[in-house]
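Residue-level structural notes
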Amino acid sequence: MIMEISVKQSQKAIIWLCLAHMACDIYTGFVNPIMPFIAAKLGFSMAIATVILSISQICSNMFQPVFGFLADNILHRFFIFWGLILVSTFIPLAPNAPCIPVLIACTILGSLGSSFFHPQ
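Notes on the structure follow.

Definitions and limits used
Residues numbered from 1 in each chain as written. Predicted model: local features only at pLDDT ≥ 70, side-chain atom pairs only at ≥ 80, totals over all residues. Heavy atoms only, no water. Helix = DSSP H or I, 4+ residues; strand = E, 2+ residues; numbered from the N terminus. Buried < 20%, exposed > 50% of the residue type's maximum accessible area, 1.4 Å probe, protein only. Core = buried A, V, L, I, M, F, W, Y, C linked by side-chain atoms within 4.5 Å. Contact = heavy atoms within 4.5 Å. Expected span 1.5 Å × (residues − 1). Arc of directions from axis to C-beta. Phe/Tyr/Trp six-rings, centres within 6.5 Å; stacked < 30°, edge-to-face > 60°.

1. Observations regarding the environment of Ala47
By the secondary structure assignment, Ala47 is in helix H2 (residues 46-62). Classification of Ala47 as exposed rests on a relative accessible area of 52%. Separated by 21 residues in the primary sequence, Ala47 and Gly68 have C-alpha atoms spaced 32 Å apart.

Here it is as C-alpha cells:
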C-alpha cells in the first residue's frame, strides 16, 4: 500500500516536471524567431539583436553550473519554482519592451530563470 502511494506520487512528480521543462524550453525558444520583429518594432539593427540573443544564451548556459552547485546545497524546489516563474514572466514581456535596456533586462532575467530550472 505504501509502495503504491510512493510510486504514484513519483509518477505524478515526473509528469509535472516534464510539463514544467517543456514550458521552460518553449518560452526560451520563442525569443530567437521573433527577435527580427522586435528589432523592427524598436528600430535597431540585426547586429544589436544578435548581441542581445548572445547575451541571453550566455546567461542561460554559463550560469547553469553555478546554480546547479547552489541548488545541490540549498533547497531544490526553490530553483525549480523560481526558474519557471522567471522564464514564464520575463520572456513573454520581451516583445512588449518599450526600449532596448528593458528588452535586455527581460531576456537576461528570463534566461537566468532557464538556468535556475535546468540543473534540477
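Now that the structure has been shown, we can carry on.
2. Thoughts on the nonpolar core
One finds Val31, Met35, Ile38, Phe44, Ala49, Ile52 and Leu103 to be the most contacted residues of the largest nonpolar core, which totals 17 residues. When residues of this core are traced back to their parent elements, those giving at least two are helix H1 (2-42), H2, helix H4 (76-93) and helix H5 (100-117). The greatest single-element share of this core, amounting to six residues, is contributed by H1. Beyond its immediate sequence surroundings of up to four residues, Phe44 is in contact with Met35, Ile38, Ala39, Ala49, Ile52, Ile100 and Leu103. Of all hydrophobic cores here, the second largest spans six residues; its members include Phe67, Ala71, Phe79 and Phe116.

3. Some points on the environment of His76
Relative to the elements of secondary structure, His76 occurs in helix H4. Not counting residues within four places of it along the chain, the set of residues in contact with His76 comprises Ala71 and Gln120.

4. Looking at H2
Taking 1.5 Å as the rise per residue, H2 with 17 residues should run 24 Å; its terminal C-alpha atoms sit 23 Å apart, in good agreement. Buried within H2 we find Ala49, Ile52, Leu53, Ser56, Cys59 and Ser60. Down the axis of H2, the buried side of the element spans an arc of 120°, and every buried residue falls inside it. Across from the buried face of H2, at angles greater than 90 degrees, the exposed residues are Ala47 and Met62.

5. Considering the packing of aromatic side chains
Inspection of every chain in the model, using the stated rule, returns seven aromatic pairs. Here the aromatic rings of Phe79 and Phe116 are separated by 5.1 Å at their centres, their planes lie at 50°, and the arrangement is tilted. Of this pair, Phe79 sits in helix H4 while Phe116 sits in helix H5, placing them 37 residues apart in sequence. Each member of the pair, Phe79 as well as Phe116, is classed as buried. Note on Phe81 and Trp82: the rings are 5.1 Å apart at their centroids and 85° apart in plane angle, and the pair reads as edge-to-face. Given a relative accessible area of 47%, Phe81 falls into the partly exposed group. For Trp82, a relative accessible area of 40% translates into the label partly exposed. Each residue in the set Phe63, Phe67, Phe78, Phe79 and Phe116 is aromatic and connected to the rest through ring pairs, giving one cluster.

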